[in-house]
Amino acid sequence: MFNLFGKRKAPASPYVKQDDPQTFRVRVRTRPHGEVVEFRFTKAAHIGADDEGGYLFRKSVVSPSHFDRGELLVRFDSRYNVTATEGEGVEFIPVREWED
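A quick note: this is a predicted structure, and the numbers were derived from the prediction, not measured.

Caption draft 1: Geometry of the packing of aromatic side chains. Applying the stated criterion across every chain, the model contains seven aromatic pairs. On the basis of an interplanar angle of 20 degrees and a centroid distance of 5.8 Å, the ring pair of Phe 24 and Phe 41 is categorised as stacked. Taken as a pair, Phe 24 in strand β2 (residues 23-30) and Phe 41 in strand β3 (residues 36-42) lie far apart in primary sequence, 17 residues in all. Take Phe 41: its relative accessible area is 0%, and that puts it in the buried class. Ring geometry for Phe 41 versus Phe 57: centroids 3.9 Å apart, planes at 5 degrees, classification stacked.

Rendered as structure tokens:
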């Protein structure tokens, strides 16, 4: 009815976990052999500006045992809310499956 507390925060991505205000984690499974690879990335060191006013994290994936290759992309809005996850040669693993 009344919007006393401002805008509602967008729901968190089911594939990206935010460890603290600066740090994110994501796990992917390579398509050829199903190896799981985890990435930990931070706002200051790994996330770059996007041409559309948001931010993005792009990373090449190489699995440790079979050397399967792929690429992942995580897009953020201007407030670092995850807006999209895309993968080539990989599939994202939902956080609920790998959370301790």
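From this point, the narrative continues.
Caption draft 2: The environment of Arg 69, seen in detail. As for its placement among the helices and strands, Arg 69 is situated in strand β6 (residues 69-76). Spatially, the C-alpha atom of Arg 69 lies 8.9 Å from that of Pro 32, the residues being 37 residues apart in sequence. With sequence-adjacent residues up to four places away left out, Arg 69 is seen in contact with Val 61, Val 62 and Gly 89.

Caption draft 3: Representation of the sheet that holds strand β4 (residues 48-49). Spatial ordering of the open sheet is given by β4-β5-β6-β7, a layout of four strands whose pairing is antiparallel. On the outer flanks of this sheet lie β4 and β7 (82-88), each paired with one strand and no other. Taken together, the two bridges between β4 and strand β5 (residues 55-62) define a ladder with antiparallel strand orientation. Along β5, the bridge assignment pairs Ala 49 with Tyr 55.

Caption draft 4: Broad picture of the nonpolar core. Core analysis: the largest hydrophobic core is formed by 17 residues, its most contacted members being Val 28, Phe 39, Phe 41, Phe 57, Leu 72, Val 74 and Phe 76. When sequence neighbours within four positions are dropped, the list of residues in contact with Phe 41 reads Gln 22, Thr 23, Phe 24, Arg 25, Val 26, His 46, Ile 47, Phe 57, Val 74 and Phe 76.

Caption draft 5: Seen up close, unusual backbone geometry. Of note in the backbone geometry, Phe 67 takes a positive phi value of approximately 60 degrees without being a glycine. Taking relative accessible area as the criterion, Phe 67 reaches 56% and is therefore assigned exposed. Phi at Tyr 80 is positive, roughly 65 degrees, even though this residue is not glycine. One can find Tyr 80 in the loop between β6 and β7.

Caption draft 6: The arrangement of the pattern of salt bridges in detail. With the rule as written, the count across this model stands at seven salt bridges. Glu 91 is the partner of Arg 29 in a salt bridge, and the nearest nitrogen-oxygen pair spans 3.7 Å. Taken together, the residues Arg 29 in strand β2 and Glu 91 in strand β8 (residues 90-92) connect sequence positions 62 residues apart. Residue classification places Arg 29 among the partly exposed residues on the basis of a relative accessible area of 28%. Taking relative accessible area as the criterion, Glu 91 reaches 37% and is therefore assigned partly exposed.

About the thresholds
- Residues numbered from 1 in each chain as written.
- Predicted model: local features only at pLDDT ≥ 70, side-chain atom pairs only at ≥ 80, totals over all residues.
- Heavy atoms only, no water.
- Phe/Tyr/Trp six-rings, centres within 6.5 Å; stacked < 30°, edge-to-face > 60°.
- Helix = DSSP H or I, 4+ residues; strand = E, 2+ residues; numbered from the N terminus.
- Buried < 20%, exposed > 50% of the residue type's maximum accessible area, 1.4 Å probe, protein only.
- Contact = heavy atoms within 4.5 Å.
- Pairing = 2+ DSSP bridges.
- Core = buried A, V, L, I, M, F, W, Y, C linked by side-chain atoms within 4.5 Å.
- Salt bridge = Lys/Arg side-chain N within 4 Å of Asp/Glu carboxyl O.

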